[in-house]
Amino acid sequence: MITVSDKAKQFLILLLKLCIVGGAFYFIYDRLAHDNQLNWSQFNKLLIEKASIGNVCFILFLSFLNRYLEILKWKNLVNFIKPITIWESTKQVMGALTLALFTPNGIGEYAGKALFFEKEKSKKIVFLNLICNGIQMILTVIFGTFGLLYFNASFNIITPKSVILIFGLFIVLLSLSFFMKRINIKGYSLEKLIHKINVIPKKIHQKNILLAVARYLTFSHQYYVLFLILDVQLPYLSLMAAITSVYFLASALPSFQFLDFAVKGSVAVYFFGLLGVNEWIVVFVTTLMWFLNTVLPVVIGAYFVFTFKSGWKQESLS
């Protein structure tokens, strides 16, 4: 067995932190510098024209509120295991976000949050993070489905027969999941999952749902407000239907967080194009949303990665 000295461990941890933060900033730079859809001269012109103090403050406030609601969600869920402060929740959420930046569908967030706790609690933390993200995904599906139905009623993207077929398939899958909930696969089953969820007090679930709804309404209306600032004059329901549809379809596509704005942008260009919105405005808004809600939090999260101290017990490397 080879025991690694404390100094060597500290050096390896520092090197890992540098790689994570350096990789995060490189991916951000690469996206912004080499995306052919971004016209920086037009981008700067729009910023100068529309960037009043009131607009900037309100948009930044919505970005802060979006992330703060996520911090409250996480604090609420973790309190089931052990009480944590807002500051501790902030460190865990922001640090994990930076780790998740270049992992598929943000899966690195699960490992990132688990590292803040004792090793024996890691499975519980991963499960709580699944609930935290799961409710957000369920809301995205619910709002997105209604948005698609409303949008489809106006533009007939898919035929009524296709709509009936999709709902029929959904009912079949729901029925199968009900009848198959007792089937075990490697010790896991839907019944066990439901039991684990029910162990958590209802008050925590209720607060989690309320915070998730508030967060969804915050970032979707931030999208909406940006379009208003850029003089997009469309009925509220039409614009919100397009926004919820874009989030729903984009979330269903496998992606990395640093590519998030490119995925959402391509979906958004199609939907907003049907509404007659200029393609450049759609790209601008999507990129700005990504910058405000991913890049800025990652910059803050980089600090927490550098100051990170693992909750896992120190073990000798062999």
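Everything below is about the structure printed above this text.
Residues numbered from 1 in each chain as written. Predicted model: local features only at pLDDT ≥ 70, side-chain atom pairs only at ≥ 80, totals over all residues. Heavy atoms only, no water.

S.K.: Break down the packing of aromatic side chains for me, citing the residues and quoting the values.
M.R.: For any pair of aromatic rings, the description rests on two quantities: the centre-to-centre distance and the angle between the ring planes. Counting across every chain of the model gives 12 aromatic pairs. Between Phe219 and Tyr247, the aromatic rings sit 5.0 Å apart at their centres with planes inclined by 50°, giving tilted as the arrangement. Linking Phe219 in helix H9 (residues 202–229) with Tyr247 in helix H10 (residues 236–251), this pair joins segments that are 28 residues apart in sequence. Assessed through its relative accessible area of 10%, Phe219 is described here as buried. Between Tyr224 and Tyr236, the aromatic rings sit 5.2 Å apart at their centres with planes inclined by 80°, giving edge-to-face as the arrangement. On the criterion of sequence distance, the pair formed by Tyr224 in helix H9 and Tyr236 in helix H10 is long-range, its members being 12 residues apart. You can call Tyr224 buried: its relative accessible area is 14%. By way of ring pairs, the aromatic residues Phe143, Tyr216, Phe219, Tyr223, Phe227, Tyr247 and Phe272 are connected into one cluster. Taking the ring centre of Trp74 as reference, the NZ or CZ of Lys113 above it sits at 4.1 Å. Taking the ring centre of Phe127 as reference, the NZ or CZ of Lys196 above it sits at 6.0 Å. (Phe/Tyr/Trp six-rings, centres within 6.5 Å; stacked < 30°, edge-to-face > 60°. Helix = DSSP H or I, 4+ residues; strand = E, 2+ residues; numbered from the N terminus. Buried < 20%, exposed > 50% of the residue type's maximum accessible area, 1.4 Å probe, protein only. Lys NZ or Arg CZ within 6 Å of the ring centre and 35° of its normal.)

S.K.: Describe the pattern of salt bridges, with residues and values.
M.R.: Taken as a whole and judged by the stated rule, the model has 4 salt bridges. Glu70 is the partner of Lys73 in a salt bridge, and the nearest nitrogen-oxygen pair spans 3.4 Å. Here the residue Lys73 and the residue Glu70 both occupy positions in helix H3 (residues 53–78), the gap between them amounting to 3 residues, near one helical turn. When its relative accessible area of 0% is taken as the criterion, Lys73 is described as buried. By relative accessible area, which is 4% here, Glu70 ends up buried. Residue Arg215 is joined to Glu70 by a salt bridge in which the shortest nitrogen-to-oxygen separation is 3.1 Å. Of this pair, Arg215 sits in helix H9 while Glu70 sits in helix H3, and the two are 145 residues apart along the sequence. (Salt bridge = Lys/Arg side-chain N within 4 Å of Asp/Glu carboxyl O.)

S.K.: Which residues make up the nonpolar core, and what are the values?
M.R.: Tyr223, Phe227, Ile243, Phe272, Val277 and Val285 are the most contacted members of the largest nonpolar core, which has 33 residues in total. Of all the secondary structure elements, the ones that give two or more residues to this core are H9, H10, helix H11 (260–274) and helix H12 (279–306). Leave out the neighbours within four places in its chain, and Ile243 touches Ser220, Tyr223, Tyr224 and Phe272. Among the nonpolar cores identified, the runner-up in size contains 16 residues, and Phe116, Phe127, Cys132 and Ile204 belong to it. (Core = buried A, V, L, I, M, F, W, Y, C linked by side-chain atoms within 4.5 Å. Contact = heavy atoms within 4.5 Å.)

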